[in-house]
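Here is what each chain is made of, one letter per residue.
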Amino acid sequence: GSRGRGRGGGRGQKRNFEGGGRGQQGGNKRGRYMPQRGNGPAIPNIPGVFATCDGGWEDRTADEVLALVEEHYDKLAQALPPGAVAAAEAAAAAEAAASASYANTDTLEKKEEEEEEEHEASTAAQGASGSKDISALIAEEVADLKDSSKQRFLLHPTSVKGCVYVCFPKGSVLPTPEDVVVSICEEASTSKVLRMRHASRLLPITHSCYASVEEMKKLAPRVLRPHFPDGPNEKPIEFAVDYEHRNTEKFDRLEVINTFVNCIKTPPHKVNLSKPSKVVLVQLTKNSCGVSVLTKYRQLHKFNVRKCAEVPEEEVATEKEAKRDGEEGKGPKAAKQGGDSVEEEAQAAKKEEEAPEEESEAPKKANKAAEKESEATKKEEKVTKKDKSKKGEKGQ
């Protein structure tokens, strides 16, 4: 009997391990390297941040991006002026009223009213029952953290290898996904510290649709109209379209780019591929198309956090030279402290350089004098030879 139970237990454990390994990163290798499963949209119709990472590290990347996005979101929200949120909400409401895609606003309002009523009822119940124990309050906080419906930032499964999407809170207008990503990249570029180990690019997404040219033509005017006004006295804006695709069907690149370029009036606006002031980002991922209009996209290395945190080679070389000079005592700090002593050392070095030159001139003069003496002796010898030859001729 014990032998049979041992076999049964061993088989059951093996099955549980294999079943859990395919759905998790920590299981067998097949579950780690096979593409993720899912039939939903890769990019939902919710503003957020589309992050790319190394394949097989999606879960850890999601934790890193969620923590950093929430930190910078709260920091920017505290720094907002008092009337900025109201103005942004009014603009968003006007845009929603002008577009036909936002037709289900009544249901959202009903849900918000129900949530407010539940919150009021819970507060009234707490007031009637009196103060609660600390353990009960901690248990409620833990339950709220585990409840995904009460979390502000949610992780959406993209079903694409090496891609993570973080949804922003519902109804939030400011800070925008672009503001949060710019804050993260600027922090990395100034501090040169990489706070995310696996994430590489953070792409803000404001609008999305199904990945088809027809849906893109419907979405493009609604996205581009606020950023590229076509009035008579509007300032010209130089722009470019950055198109990327992942795990999608074969689309004609020029057709997708022209779908968005044709919605921008040129002139007054112009196309500038080298240094655009605004970039229309188009991300085709699986069955979804994410779009956003960005201002600091090229300046911050296309929102690549790793490149923003890199230190240029020139700065590294100057730092090494400064360290060497500091160790030898000849750096800029020692020069400032030394003052006159440095000048005296420089003058002494010049004198030492001049001294060997003077010493080298003396043997040259001696050599010239010796050459003159040898020439004189040679002339005298010639003269004596001539005299001797003349005297011999006379004697004959």
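What you see is a predicted model, and the numbers here were worked out from it, not measured in a lab.

Participant: Teacher, can you tell me more about the overall build of the protein here?
Facilitator: Helices and strands together make up the secondary structure of the protein, namely 13 helices and nine strands. Across the 396 residues that make up the protein, the buried fraction comes to 28%. Expressed as a percentage of contacts within the protein between residues at least 6 apart in sequence, the contacts between residues at least 24 apart total 78%. Of the roughly 27600 Å² that the protein leaves accessible, carbon and sulfur atoms contribute 51%.

Participant: What should I look at first to understand the nonpolar core in this one?
Facilitator: Residues V65, V69, L202 and F303 are the most contacted members of the largest nonpolar core, which totals 38 residues. Residue assignment for this core shows that the elements contributing at least two residues are β1 (48-53), α3 (58-78), β3 (163-167), α7 (177-191), β4 (199-205), β8 (278-285) and α10 (305-308). What L202 contacts, discounting residues up to four positions off in sequence, is V49, F50, A51, V65, V181, I184, M196, F303 and V305. Residues M216, A220, V291 and V293 belong to the second largest nonpolar core, which totals 22 residues.

Participant: So what exactly am I meant to see when it comes to the environment of I237 here?
Facilitator: Structurally, I237 is set in the loop between α8 (213-224) and β6 (238-246). With 29 residues separating them in the primary sequence, I237 and T266 have C-alpha atoms 9.6 Å apart. Those residues within four positions of I237 in sequence are excluded, and the remaining contacts are H227, F228, H269, K270, S277 and K278.

Participant: I'm lost on empty space enclosed by the protein in this one. Help?
Facilitator: Rolling a probe over the atoms, with the probe sized like a water molecule, indicates the empty space that remains. Overall, the coordinates contain one cavity of 30 Å³ or more when judged by the stated rule. Roughly 50 Å³ of internal volume is contained in the largest cavity. Taken together, L68, I184, E187, A188, S191, V193, R195, M196 and V305 make up the full set of residues lining the largest cavity. The class makeup of the residues in the lining of the largest cavity is six nonpolar, one polar and two charged.

Participant: I keep staring at the pattern of salt bridges and nothing clicks. Help me out?
Facilitator: Two side chains carrying opposite charge are able to pair once their charged atoms lie near each other. One pass over the full model with this rule turns up ten salt bridges. In this structure, D242 and K302 form a salt bridge, with 4.0 Å as the shortest nitrogen-oxygen distance. One end of the pair, D242, is in strand β6; the other, K302, is in the loop between β9 (288-294) and α10, with 60 residues separating them in the sequence. Judged by its relative accessible area of 8%, D242 falls in the buried class. On the basis of relative accessible area, K302 is assigned to the partly exposed category, the value being 35%. Salt bridges here are not isolated pairs; linked through shared partners, they connect E70, D74 and R152.

Participant: Could you clarify how one ought to interpret the pairing of β1 in this entry?
Facilitator: For a regular strand, side-chain orientation follows a simple rule: the groups alternate between the two sheet faces. When you tally the buried positions in β1, you get six out of six residues, the bulk of the element. As paired strands, β1 and β3 are joined by five bridges and run antiparallel to one another. Bridging across to β3, A51 finds its partner in V164. As judged from the six bridges shared by β1 and β4, these two strands associate in the antiparallel manner. Residue pairing for β4: C53 is matched across the bridge by A199.

Participant: In this structure, what is going on with unusual backbone geometry? I would like to understand it.
Facilitator: With glycine set apart, most residues show a phi of negative sign, and most peptide bonds adopt trans. Omega for the peptide link from L174 to P175 comes to -10 degrees, which places this bond in the cis form. Within the secondary structure, P175 is located in the loop between β3 and α7. Here the amide bond leading from T266 into P267 is cis, since omega sits at -10 degrees, within 30 degrees of zero. Looking at where P267 falls in the secondary structure, it is placed in the loop between α9 (253-261) and β7 (270-271). Here K192, not a glycine, exhibits a phi torsion of approximately 55 degrees, which is positive. Note on placement: K192 falls in the loop between α7 and β4. With a relative accessible area of 31%, K192 lands in the partly exposed category. Positioned with a positive phi, K286 is a non-glycine residue whose angle comes to about 60 degrees. Mapped onto the secondary structure, K286 falls in the loop between β8 and β9. The exposure class of K286 is partly exposed, given its relative accessible area of 24%.

Participant: What am I meant to see in the packing of α8 against α9 here?
Facilitator: Packed helix pairs are characterised by how far apart their axes lie and by the angle those axes make with each other. Where α8 contacts α9, the axes come no closer than 8 Å and their chain directions differ by 35 degrees. As α8 runs across α9, the sense of the crossing is right-handed. Contacts from V213, M216, K217, A220 and L224 of α8 reach α9 at E255, V256, T259 and F260. Here the residues of the contact of α8 with α9 are counted per class, giving six nonpolar, one polar and two charged.

Participant: Is there a simple way to think about the sheet that holds strand β2 (residues 154-156) in this case?
Facilitator: Within a beta sheet, neighbouring strands are joined by backbone hydrogen bonds and run either parallel or antiparallel to one another. An order of β2-β3-β1-β4 is seen for the four strands of this open sheet, with the pairing classed as antiparallel. Edge positions in the sheet fall to β2 and β4, since each of these pairs with one other strand and no more. Pairwise comparison of adjacent strand axes, ignoring direction, gives a mean angle of 30 degrees for this sheet. Contacting β1 and β4, α7 crosses the sheet at an angle of about 155 degrees to β4.

Conventions adopted
Residues numbered from 1 in each chain as written. Predicted model: local features only at pLDDT ≥ 70, side-chain atom pairs only at ≥ 80, totals over all residues. Heavy atoms only, no water. Helix = DSSP H or I, 4+ residues; strand = E, 2+ residues; numbered from the N terminus. Buried < 20%, exposed > 50% of the residue type's maximum accessible area, 1.4 Å probe, protein only. Contact = heavy atoms within 4.5 Å. Areas by Shrake-Rupley, 256 points an atom, 1.4 Å probe, with all protein chains shown as cover. Core = buried A, V, L, I, M, F, W, Y, C linked by side-chain atoms within 4.5 Å. 1 Å grid on protein atoms, 1.4 Å probe; cavity = no way out; pocket = protein on both sides within 12 Å on 5 of 7 lines; lining within 4 Å. Points joined across faces, edges and corners; volume = space filled by probe spheres on them. Nonpolar A, V, L, I, M, F, W, Y, C, P; charged D, E, K, R; others polar. Salt bridge = Lys/Arg side-chain N within 4 Å of Asp/Glu carboxyl O. Pairing = 2+ DSSP bridges. Axes fitted to C-alpha atoms, helices over the stretch in contact; angles between N-to-C directions. Left-handed = near helix turned anticlockwise from the far one by under 90°.

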